[in-house]
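# Commentary on secondary and tertiary structure
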Amino acid sequence: MDDQALRTCICETGRELLENGLVARTWGNVSARADGGHYLVTPSGMDYGSIAPEDIALCDLATGKWTGPRRPSGERAVHALAYSMFEDVNFVIHTHQTYASALGLCGYKPGCFTGEERQQLGGVTVAGYGLPGTKTLQSAMREAMLRGARTILMAHHGVLICARSHDEALMRAQLLERLCRRCWQGVLEQAAPV
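None of the values given here were measured: they were computed from a predicted structure. (Residues numbered from 1 in each chain as written. Predicted model: local features only at pLDDT ≥ 70, side-chain atom pairs only at ≥ 80, totals over all residues. Heavy atoms only, no water.)

## Here's the deal with the sheet that holds strand β2 (residues 38–41)
Going by this rule: Pairs of strands are assigned from DSSP output, requiring at least two bridges between the strands. A run of H or I in DSSP counts as a helix once it spans at least four residues, and a run of E counts as a strand once it spans at least two, with each numbered from the N terminus.
Read across the sheet, eight strands follow the order β4-β3-β2-β1-β5-β8-β7-β6 without closing on themselves; strand pairing throughout is mixed. Each edge of the open sheet is held by one strand with a lone partner, namely β4 (66–67) and β6 (124–127). The sheet contact formed by strand β7 (residues 151–154) and strand β8 (residues 158–163) spans four bridges and is antiparallel. Among the inter-strand pairings, T151 is bridged to a residue of β8, identified as I161.

See the structure below:
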């Protein structure tokens, strides 16, 4: 995709995430690899319904510097980390989806999903907690990515999904939410009085 098409795709993805309940208000962020040394990312604190292609920031993977009329997401360093660590990743979304966030908060265990489900998600793991935009969070995310997982439950913070394309990223986000809802239903059923 060319630059304008990528920017438009990022804007549309934000609206898709909002419509599907995978983000709320201005939470979360979306990015796409622009070329070998740059990526495009949503602006900080802007409503997904009003983001336009020209609002998307272009960030340098090596230096962290950015250009554009709006400040990029405070989580841009986590996106940069994904592009730097995974050559096959071209699209990254950070969601605050309900069931997956709850599972990241209360404890994901590998047995929650089948082997095939984990494969569809590109591998799943949990990253330790770090405040948004901090080196602590970046370090925790680096450790999680070193395990090779492309779907990372961020303790107390949401989910990061790394994918080859927009379609794959959205599929993983929706699949993850369905699987996490299933896990919670199983927990509630086991906890119900007999």
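## Focus: unusual backbone geometry
Unlike most non-glycine residues, H156 shows phi in positive territory, near 60 degrees. With respect to the helices and strands, H156 occurs in the loop between β7 and β8.

## Here we look at the environment of H94
Selection rule: Buried residues are those whose accessible area, probed at 1.4 Å on protein chains only, stays under 20% of the maximum for their type, while exposed residues exceed 50% and partly exposed ones sit between those limits. Any two residues having at least one pair of non-hydrogen atoms within 4.5 Å are treated as being in contact. In protein, a polar contact means a hydrogen-donor-capable atom and an acceptor-capable atom, both N or O and within 3.5 Å, with residues adjacent in sequence counting only if both atoms are side-chain atoms; elsewhere, any N or O pair within 3.5 Å suffices.
If you trace the backbone, H94 turns up in strand β5 (residues 91–95). Exposure remark for H94: the relative accessible area of 3% places this residue in the buried category. Sequence spacing of H94 and V30 is 64 residues, and the spatial spacing of their C-alpha atoms is 6.4 Å. Ignoring anything within four residues of it in the chain, the contact list for H94 reads V23, G28, N29, E75, H79, M154, H157, G158, V159 and L160. Within the structure, H94 has its side chain in polar contact with the side chain of H157 (distance 3.3 Å).

## Quick notes on the pairing of β5
Counting buried residues in β5 gives five out of five residues, a clear majority hidden from the surface. Judged from the five bridges that link them, β5 and β8 form a sheet pairing that is antiparallel. The residue bridging I93 from the neighbouring strand is I161, located in β8.

## Remarks on the pattern of salt bridges
In plain terms, the rule: Salt bridge, as used here, is a side-chain nitrogen of Lys or Arg placed within 4 Å of a carboxyl oxygen of Asp or Glu.
Within this structure, the stated rule accounts for six salt bridges. D3 is paired through a salt bridge with R7; the nearest N and O atoms lie 2.7 Å apart. Pair noted here: D3 and R7 are both in helix α1 (residues 3–19), with a separation of four residues, about one helical turn. For R7, a relative accessible area of 13% translates into the label buried. Ionic contacts of the salt-bridge type, sharing partners, join the residues R164, E168 and R172 into one network.

## Remarks on the packing of helix α2 (residues 76–85) against helix α5 (residues 135–146)
In plain terms, the rule: Only C-alpha atoms enter the line fits that serve as axes; for helices the fit covers just the stretch in contact. Angles between N-to-C directions range over 0 to 180 degrees. What sets the label is the angle itself: under 35 degrees gives roughly parallel, over 145 gives roughly antiparallel, 65 to 115 gives roughly perpendicular, and the rest give oblique. Less than a right angle of anticlockwise turn of the near helix away from the far helix marks a crossing as left-handed, whereas a clockwise turn marks it as right-handed. For this classification, the nonpolar set comprises Ala, Val, Leu, Ile, Met, Phe, Trp, Tyr, Cys and Pro, the charged set comprises Asp, Glu, Lys and Arg, and every other residue, Gly included, is treated as polar.
The geometry of α2 relative to α5 is characterised by a closest axis approach of 10 Å and an angle of 25 degrees between their N-to-C directions. Relative to α5, the element α2 lies roughly parallel. Handedness of the crossing formed by α2 with α5: right-handed. Each of A77, V78, L81, A82 and M85 in α2 lies in contact with α5, whose residues at this interface are L137, Q138, M141, R142, M145 and L146. Classifying every residue of the contact of α2 with α5 gives nine nonpolar, one polar and one charged.

## Things to note about the confidence of the model for the protein chain
The line we're drawing: pLDDT is a per-residue confidence score from the predictor, ranging from 0 to 100.
Scored by pLDDT, the protein chain has a mean of 90; 93% of the residues are at 70 or more. Averaged over each element, pLDDT in the protein chain is lowest for helix α3 (residues 98–106) (82) and highest for β2 (98).

## Comments concerning the pairing of strand β3 (residues 57–60)
The two faces of β3 differ: A57 and C59 on one face are buried, but L58 and D60 on the other face are not. Pairing between β2 and β3: four bridges, direction antiparallel. Within the sheet, the bridge partner assigned to L40 lies in β3 and is L58. Summarising the sheet, β3 and β4 pair through two bridges and their orientation is antiparallel. In the sheet register, L58 faces β4, and the bridge partner there is T67.

## A look at the packing of aromatic side chains
In plain terms, the rule: Each pair of aromatic rings taken from Phe, Tyr and Trp, with Trp reduced to its six-membered ring, is defined by centres within 6.5 Å and is described as stacked if the planes are under 30 degrees apart, edge-to-face if over 60, and tilted in the remaining cases. Sitting over a ring, as applied to charges here, requires NZ of Lys or CZ of Arg to be within 6 Å of the ring centre and within 35 degrees of the ring normal.
Scanning the entire structure with this criterion turns up one aromatic pair. Relative to Y83, the ring of Y39 has its centre 5.5 Å away and its plane inclined at 35 degrees; by these criteria the two rings are tilted. Of this pair, Y39 sits in strand β2 while Y83 is found in helix α2, placing the two residues 44 residues apart along the sequence. Y83 matches Y39 in its accessibility class, with the two residues each being buried. In this arrangement the basic side chain of R150 is found over the ring face of F86, its NZ or CZ atom lying 3.8 Å from the centre.

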